[in-house]
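Geometric and topological summary
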Amino acid sequence: MSGKVRLKPNGVLDEDPMTLQDIAYKYICNNLDVISYEDESLDRSRILRDGIVLPNDICDRLLEAYQQFYRHLDDRFVTLFRDKHRTSLKVVHLRNSTLTNSGLAILMRHELYSLSIWYCDRITEWSQELLAHHGESLRSLELGIGSHMLQNRDPNDKEPVDFQLNCPNLRRLVLNGVPLHHKLQFAHLDDLIHLDLTSCVLGNFSLSALTSLPKLHTLILFNVWPIENGLHAICALKQLRTLDISISSSGNGHGTYDFPDETLEMLMDNLRELTHLDISGTNLAGNGVATKGSCYKNTDIPGLVSRTQRPLQFLGLYHTAHWACKRHDIPAIEIAGDANEQQILTAARYYYDRPVLLTRVLNDLYHLFRFENCKDIHTALDVVLTAMDRHLKFKHMQISGSATLFYIVKGRDRAKFGTPLRNHIIRTLLNGMEVHITDDTMLRNGYLTLTQFQMPTDVLFEYERLISVLLHGVSKTEQEGFVQRIAIYLLNTLACQVDGKQKLFLGELGVVSTMLSLIKDRLTRSVFDDVMEVAWSTMWNVTDETAINCKRFLDGRGMEYFLRCLNTFRERDELLRNMMGLLGNVAEVKWLRPKLMTQKFIEVFAELLSSESDGIEVSYNAAGVLAHIASDGPVAWTIREPSREKVLASMVEAIRRWDIKSERNINYRSFEPILGLVRCYETPQCQHWAVWALANLTQVYPDKYCLLVEQENGIQILKELITHPSPYEEIKEIARMVIARCSSWP
């Protein structure tokens, strides 16, 4: 349902937006309970609700939409169409599904008009009897890669399955990789006009069987070899308009003809209606040199001399011998080759269902983008997305496509991408990364491409899937590898810029435990790297105002790792800042503070008050932790040493050392915890830290924090503090500074 990539009049590169009808189908796919319910007695299969009748056009579109938006089409979903009196299917195109023979039987009982099966490897040869019972209604049958209806599942088993196509009304037949039995007949397929036998194994099957198809106008024999002895049978198909006898590779002599010029000339003389010809990978274009006595003129391909005045609409010359696609005089309007951008894009459009060949074409496209030589961005993007979407399970296709996407998204046209197009790119990348989650190259390409998008705005619509893919990259890839570093960088970026609900989800998926595992590993090996540093930063972000994630940190031996990192890597300023920022979040949670009340922890926090690491950051965060702990009152101070009075005095001493104009490496989304300490009249030292924090932030970053103080009723709270007898004058003076700053700021 996604539209073609288009360059719109305003210069924006985008897809057509979803129609209201598309939005409705997406909603139903996301809320199947609207039309159905799960039957527990049938393995939670979907059953249509009473009173609902779905006509044919709705059923066809619903099946298509479910695959587009969810991909995981299975038997439980197609049970929805079990009742033929209330549902009706005519066009069923299955791709990348886990459907079995049983599920296919439900669909085929609808007397289908068109059936297409690609990458559905749970459908086996046992389902061929469905064709015998329900094939009479079919007008189009397409059995692509990964469909084993007419072939053995073992790819090494080239023994043909004995089958006869009981589909007398077929007009279009596509078989991919099927070993053909010598007894196979086509004579009863009177109406067949399109036959595609891509990669089929001929064995004892003779192409002379095709002469019984007088209406045939399209014949695809891509990767079918040898066919030289069958060329006379092909020449008898006088109505042919499209002929494809191309080969993906010329290895082992495939595609090599003894008399190439004469062979091609013979085909042209007999197939006068031909408009589309593909001879890629063969030597049929000759060597470009005229033979003695030939009327070779006006074309650099001797066998096409008869078409110089009537050029072909399309000619496939991709990887043809003697670099035929680079010749000057070629009698064709469109050419598939690798000589230039136009030929490469043409090849990509024509070879969209040939994954091995299409992967090579995408590699050619990749090199164009890598050296910034591609001009037709919208066509290039369209062919890459189409290729990746159609061949999700083909790993090399996903790797080539994602590498090309990186350069497209990285390019200067990125700013022109509309929202639907950005969503399509991200969704396509995630699909490929999920299916090939164990391949580091695929993950690397995907992560690098995702870094080119605006985080988190562009990815929020797929936030949960992205986090799962990132967590895998962080935890499962090689130690200290590039994939792990880029994954944790993205994870930290997302954790930093999302709201509380998404921080909760991060915790539920195991972000905190994953980060602690990374830290434990590096402590065990006495290694400090950017992964260690970012792991603490990520936990700092996911614990911000999220108490359950703070608890997960404590329960995962986080304080033990904190002390070990402190002792092992004390000179690492960024690490100290990140760790103390995290502990500041933990200390804000009142019911977790008792876990910090140990002599060892308090001694460490008090010692860090005098730290000059990373400016004032470490000292500031240490004071914040102690201020929150002390705000619970003398009764909660359950240790004898260091004493509460001594720690509070050290905290005030540290605050007085800090420069009020210090720039900060911190980001507050709310002042609620700080303003809570402003009200702590029982312990003025806690108020001292809180008002100093507000003064510093409003002095240095007034644009952001003056407004935040006002929005959270901070001015009124500070005015109350000034009139209260408990705080000492120094605190009130700082409070006045905050009020004055906020009052003077627009």
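Everything numeric here is computed off the predicted structure, so don't read it as measured data.

Turning to the overall build of the protein, a few remarks are in order. Secondary structure summary: the protein contains 29 helices and 14 strands in total. At 35 Å, the protein has a C-alpha radius of gyration far larger than the 27 Å of a compact globule built from 746 residues. Seen through its C-alpha atoms, the protein measures out along the principal axes to roughly 110 × 65 × 50 Å. Looking at the protein as a whole, 56% of its 746 residues qualify as buried. A separation of at least 24 residues holds for 66% of the contacts in the protein among residues at least 6 apart in sequence.

A word on the UniProt feature "repeat: ARM" (unreviewed entry) in the protein. Mapped onto this structure's residue numbering, the UniProt feature "repeat: ARM" (unreviewed entry) falls at residues 600-632. Along residues 600-632 one finds 70% helix and 0% strand; the C-alpha atoms at either end are 19 Å apart.

Turning our attention to the packing of aromatic side chains. Inspection of the entire model under this criterion finds 20 aromatic pairs. On the numbers, 6.0 Å between centres and 50° between planes, the contact of W118 with Y119 is tilted. We note that W118, like Y119, is buried. If you follow R664 out to its NZ or CZ, it ends over the ring of Y620, 3.8 Å from the centre.

Right, let's talk about the side chain of S246 for a bit. Summarising the element assignment, S246 is placed in the loop between β11 (242-244) and α7 (260-270). Judged by relative accessible area, which is 1%, S246 ranks as buried. At 2.6 Å, the side chain of S246 and the side chain of D244 are in polar contact. When near neighbours in sequence (up to four residues on either side) are disregarded, S246 contacts L221, F222, N223, D278, I279, S280, T282 and R354.

Moving on, we get to the pattern of salt bridges. The tally for this structure, following the rule as stated, stands at 31 salt bridges. For the salt bridge of D353 with R95, the shortest nitrogen-to-oxygen distance reads 3.4 Å. Residue D353 is found in the loop between α8 (341-350) and α9 (355-370), and its partner R95 is found in strand β5 (residues 91-95); the two are separated by 258 residues along the sequence. In this structure, R736 engages E733 in a salt bridge whose closest nitrogen and oxygen atoms are separated by 3.2 Å. Taken together, the residues R736 and E733, both in helix α29 (residues 729-744) and three residues apart, mark about one turn of the helix. For E733, a relative accessible area of 44% corresponds to the partly exposed category. Residues joined in a network through salt bridges with shared partners are D33, E38, R44 and R46.

Mapped onto the secondary structure, D244 falls in strand β11. Residue class for D244 comes out buried when judged on its relative accessible area of 4%. Once residues within four sequence positions are removed from consideration, D244 is found in contact with L219, I220, L221, F222, D278 and R354.

Turning our attention to helix α22 (residues 599-608). Those residues of α22 lying buried are F601, I602, V604, F605 and L608. Axial view of α22: buried residues confined to an arc of 160°, hence all on one face. On the buried face of α22, the contacting elements are α20 (558-568), α21 (573-587), α23 (617-630) and α24 (644-657).

Bringing the nonpolar core into the picture now. Grouped burial of nonpolar side chains is what soluble globular proteins tend to show. If you look at the biggest cluster of nonpolar residues, it comprises 158 residues, and the most contacted ones within it are L365, W536, F553, F562, F605 and W689. Residues contacting F553, with those up to four places away along its chain left out, are V512, L516, W536, M539, G558, M559, L582, L583 and V586. Formed by 91 residues, the second largest nonpolar core is a distinct cluster that contains C59, A105, L170 and L237.

Let's shift gears to the pairing of strand β8 (residues 172-175). Bridge analysis of strand β7 (residues 140-143) against β8 gives four bridges, and the strand direction is parallel. Counterpart to L143 in the pairing with β8 is L175.

Turning next to helix α27 (residues 702-711). Restricting attention to buried positions, one finds in α27 the residues P702, Y705, C706, L708 and V709. Buried residues of α27 fall within an arc of 160° about the axis and therefore sit on the same side. Among the exposed residues of α27, those pointing more than 90 degrees away from its buried face are D703 and Q711. For α27, the secondary structure elements touched by its buried residues are α26 (684-700), α28 (714-723) and α29. Just beyond α27, the residue with positive phi is N713, at close to 65°.

Turning next to a nonpolar patch on the surface. On the surface, M18, L20 and I23 cluster together to form a nonpolar patch covering roughly 320 Å² of accessible area. Under the relative-accessibility criterion, M18 is labelled partly exposed at 40%.

A separate point is the sheet that holds strand β14 (residues 332-336). Pairing within the open sheet is parallel, and its 10 strands lie in the order β5-β6-β7-β8-β9-β10-β11-β12-β13-β14. At either margin of the open sheet sits one strand with a lone partner, and together these are β5 and β14. Strand-to-strand twist of the sheet, defined as the mean angle between neighbouring strand axes without regard to direction, takes the value 5°. Here five bridges tie β5 to strand β6 (residues 114-118), and the two strands are oriented parallel to one another. In the sheet register, L94 faces β6, and the bridge partner there is I117. Of the strands in this sheet, β12 (276-278), β13 (312-316) and β14 are in contact with α8, which crosses β14 at around 80°.

Quick look at the environment of R522 now. Of note, R522 is situated in helix α17 (residues 511-524). Only 2.9 Å separates the side chain of R522 from the side chain of D529, close enough to count as a polar contact.

So, how was this worked out
- Numbering of residues starts from 1 in every chain and runs along the sequence as written.
- Where local features are concerned, this predicted model is filtered to residues with pLDDT of at least 70; where side-chain atom pairs are given and counted, the filter is 80 or more; whole-chain, interface and lining totals use all residues.
- The basis for every side-chain value is the complete set of non-hydrogen atoms in the structure, without hydrogens or water.
- Per the convention used, a helix needs a DSSP run of H or I reaching at least four residues, while a strand needs a run of E reaching at least two, with both numbered from the N terminus.
- Radius of gyration: C-alpha atoms only; globule rule: 2.2 Å multiplied by the number of residues to the exponent 0.38.
- Exposure classes here rest on a 1.4 Å probe applied to the protein chains alone. A residue is buried below 20% of its type maximum, exposed above 50%, and partly exposed in between.
- The contact criterion used is simple: two residues touch if any of their non-hydrogen atoms lie within 4.5 Å.
- UniProt positions are given in the numbering used here, feature names are shortened, and annotations may be inferred rather than shown by experiment.
- In this analysis, rings of Phe, Tyr and Trp, with Trp reduced to its six-membered ring, are considered paired at centre separations within 6.5 Å, and the interplanar angle assigns stacked below 30 degrees, edge-to-face beyond 60, and tilted for intermediate values.
- A ring is considered to have a charge above it if a Lys NZ or an Arg CZ atom is located within 6 Å of its centre and within 35 degrees of its normal.
- Polar contacts, as used here, are pairs of N or O atoms within 3.5 Å; protein pairs need one atom able to donate a hydrogen and one able to accept it. Residues neighboring in sequence count only if both atoms are side-chain atoms.
- A pairing counts as a salt bridge when a side-chain nitrogen of Lys or Arg comes within 4 Å of a carboxyl oxygen of Asp or Glu.
- The arc in question is formed by the directions pointing from the helix axis toward the C-beta atoms.
- What is meant by a nonpolar core is a set of buried Ala, Val, Leu, Ile, Met, Phe, Trp, Tyr and Cys residues, joined one to another through side-chain atoms within 4.5 Å.
- For two strands to pair, DSSP has to find at least two bridges joining them.
- Exposure above 30% relative accessible area and the lack of any salt bridge qualify a residue for a patch; like charges then connect within 9 Å, and the nonpolar side chains Val, Leu, Ile, Met, Phe, Trp and Tyr within 5 Å.
- In this description, accessible areas are obtained by the Shrake-Rupley approach with a 1.4 Å probe, and a residue is regarded as covered only by the protein chains that are shown.
- All axes here are fitted lines through C-alpha atoms, helices being fitted over the stretch that makes contact, and every angle between N-to-C directions spans 0 to 180 degrees.

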